[in-house]
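Okay, here's what each chain looks like letter by letter:
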Amino acid sequence: MRLWFLIPLLLCFPTLIRSEDYSDVTIVVRGAETIASTSNEFICATIDWWPPEKCNYDQCPWGQASILNLDLTNPLLAKAIQAFSPLRIRLGGSLQDQVVYGTPNLGSPCTPFSKSSSGLFGFSQGCITMERWDAINKIFMDTGAVVTFGLNALQGRQQMGRGVWGGAWNSSNAREFMEYTVSMNYPIDSWEFGNELSGSGIGASVGAEQYGKDIIELKNIISQLYGNSRKPLVVAPGGFYDQKWYAQLLDISGPNVLDAMTHHIYNLGAGNDPQVANRILNPQYLSQSSDTFRDLQMTIQRHGPWSAPWVGEAGGAYNSGSRKVYLDQLGQSAKYDTKVYCRQTLIGGNYGLLDTETFVPNPDYYRQVFLYFALPQSCFTTLYTFCTKPRYMFSALLWHRLMGKGVISLDTSGSSYLRAYAHCGKQKGGVALLMLNLNKNMGFMVSVRNDLNINFREMAGIKRDNSFVHGLKRTVSWVGSKASDGQEKREEYHLTPQDGNPFARTVLLNGAPLQLTGDGDIPSLPPVMVSVNSPIYVAPLSIAFVVFPDFEAEGCER
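Residues numbered from 1 in each chain as written. Predicted model: local features only at pLDDT ≥ 70, side-chain atom pairs only at ≥ 80, totals over all residues. Heavy atoms only, no water.

Per an unreviewed UniProt entry, the protein goes by Heparanase-like protein 1 and derives from Oryza nivara. Reading the Function (unreviewed entry) entry of the UniProt record for the protein gives the comment "Endoglycosidase which is a cell surface and extracellular matrix-degrading enzyme. Cleaves heparan sulfate proteoglycans (HSPGs) into heparan sulfate side chains and core proteoglycans." (UniProt positions renumbered as here; feature names shortened; annotations may be inferred.)

Given below as structure tokens:
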């Protein structure tokens, strides 16, 4: 088959199509109604507590990226946060439940973390001074960030057995810290209670019954301190999903106490697992994450419909991450009404959106995709060393700017290696489509159809979205009655590695490198304008965002 209709596209970014080795795919977008919704601050990034001494697999990738030592004056940090307008930032992580707050009544010196064989995760208790808290809030207020802060939920408890902690939470230090925060008018959006203490826990665990009682206490503290002003959300437990534990937490805490249930998901395994490379390009393996999102949604519906699901941490592989990539979960989680999705991390570890040393955005900052550009197996050793340093990680900016809150169902034909998700358009209306090609060798030629004009014969071979049941609609033009003369245009944003090198530090948008401007500003992200009726070519191991401003989707107009 000849690709004559792609000539205009080739002129814009000729590296996208290198051969005629492609497969045809049809995507049917079902825009009559939305199936779920996200929040305005769906995209979230974390800043962790890990000190420079945090090491895994003979690597120490955290450097000066902690809440306690991050260079808050670096102009690139502020510009990266401002580009999202706004970006939600979650302050928290594994050492969160060993943090005390340097308030006047602390009763002990306010010192940072240090190595300690007797402490959780190999570190002693650490402390944040109020001067540091002031500096953190200044940059967040200057950049318009939306802040979620994770509180220490182990304070006052005693270790009852191996990894099991009991007793009531001692809220005195946290309350004084929150009092100071309110007195300074720092706009905290939400207080999160604890980190990975749910179920069997990671390092430590607390029973759901006691946890629920402590959350009620936290809710009361917030009501008292904030009075008649806008009250921050109560968020918990920031752990790995355990159905029985999560359900019991909702039952014990009761109606309208817990506003959001956070869970963490690192579905690739440990950072040194040699199977990580295979998992990232396996569509069947990636789809298993949907089970967690679906189960949590059902648990909330049955036990606490006043709450909402959040992903509090996600980074692909745990223990400082894996130098790989990730966005498929954004699309999956949104389908199950997830309101917030926090990437681990904004900076730090092997999964930061910003380079830990230079603060320059990694390619993930622009892309946010769950892709791995296939390192050869020989690059892995048991010590987790690599032949080179791939920089294809996570990127959120295009999602944040293009994908609206309303989630739309779609059906597909063709290979499962093309992952596709549809949302209401964020800025210009219509529909925004995200497509991820997980195939290393095959491109996809995609035709997008509106279910308003699909008949039963055309539906042959179309794979239905298994999560939802739809009826077929009346026949009109392919994007709806708004587009019938063929003159309408769509916006395309194709993301590929520079020179086809999966380890390149630079990502290309429509063939042009994405780099900071001379003033250190985030570059503009211009689309290619293409006739709305032409197929879309998605190159091997690439990502495409496509916006159809005139797509008739009744669900997005309500």
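Now that the structure has been shown, the text picks up again.
Take the nonpolar core next. Core analysis: the biggest nonpolar cluster contains 108 residues, and Leu91, Trp133, Phe140, Tyr211 and Phe545 have the highest contact counts within it. Counting residues per element, this core draws most heavily on helix α5 (residues 208-226), at eight residues. When residues of this core are assigned to domains, at least three map to each of domain 1 (22-36 + 406-453 + 488-556) and domain 2 (37-373 + 385-398). Sequence-distant contacts of tryptophan 133, defined by excluding residues within four places in its chain, comprise Leu91, Ile128, Phe149, Phe177, Tyr180, Thr181, Tyr186 and Ile188. Residues Cys424, Ile536, Val538 and Ala544 belong to the second largest nonpolar core, which totals 23 residues. (Core = buried A, V, L, I, M, F, W, Y, C linked by side-chain atoms within 4.5 Å. Buried < 20%, exposed > 50% of the residue type's maximum accessible area, 1.4 Å probe, protein only. Helix = DSSP H or I, 4+ residues; strand = E, 2+ residues; numbered from the N terminus. Domains from an automatic or database assignment. Contact = heavy atoms within 4.5 Å.)

Attention now goes to the packing of aromatic side chains. Tallying each qualifying case throughout the model produces 20 aromatic pairs. Where phenylalanine 177 meets tryptophan 191, the ring centres are 6.1 Å apart and the plane angle is 80°; that geometry is what we call edge-to-face. Of this pair, phenylalanine 177 sits in helix α4 (residues 172-183) while tryptophan 191 sits in strand β10 (residues 188-193), and the two are 14 residues apart along the sequence. Tryptophan 191 carries the same exposure label as phenylalanine 177, and that label is buried. (Phe/Tyr/Trp six-rings, centres within 6.5 Å; stacked < 30°, edge-to-face > 60°.)

What follows concerns the state of the cysteines. Taken as a whole and assessed by the stated rule, the structure comprises four disulfides. The disulfide partner of cysteine 110 is cysteine 127, and the S-S distance across this bridge is 2.0 Å. Between cysteine 110 and cysteine 127, the S-S dihedral sits near -95°, and the bridge is therefore left-handed. With cysteine 110 in the loop between β5 (99-102) and β6 (126-129) and cysteine 127 in strand β6, this residue pair connects regions lying 17 residues apart in the sequence. (Disulfide = S-S within 2.5 Å.)

It is worth spelling out unusual backbone geometry at this point. Across the junction of alanine 236 and proline 237, the peptide omega takes the value 0°, indicating a cis bond. Residue position: proline 237 is located in strand β12 (residues 233-239). Note that the residue after glutamine 344, namely threonine 345, is joined by a cis bond; omega there is 10°. With respect to the element layout, threonine 345 can be found in the loop between β17 (340-343) and α11 (363-367). Despite not being glycine, asparagine 185 has its phi angle at roughly 60°, a positive value. Among the secondary structure elements, asparagine 185 is positioned in the loop between α4 and β10. A positive phi angle, close to 70°, is found at phenylalanine 359, a residue other than glycine. Mapped onto the elements of the fold, phenylalanine 359 is located in the loop between β17 and α11. Note on phenylalanine 359: relative accessible area 4%, which makes it buried.

What follows is about a nonpolar patch on the surface. A cluster of nonpolar side chains, Phe121, Ile202 and Phe240, forms an exposed patch at the surface whose accessible area comes to about 220 Å². Structurally, isoleucine 202 is set in the loop between β10 and β11 (205-206). (Patch = residues over 30% accessible without salt bridge, like charges linked within 9 Å, V, L, I, M, F, W, Y side chains within 5 Å. Areas by Shrake-Rupley, 256 points an atom, 1.4 Å probe, with all protein chains shown as cover. Salt bridge = Lys/Arg side-chain N within 4 Å of Asp/Glu carboxyl O.)

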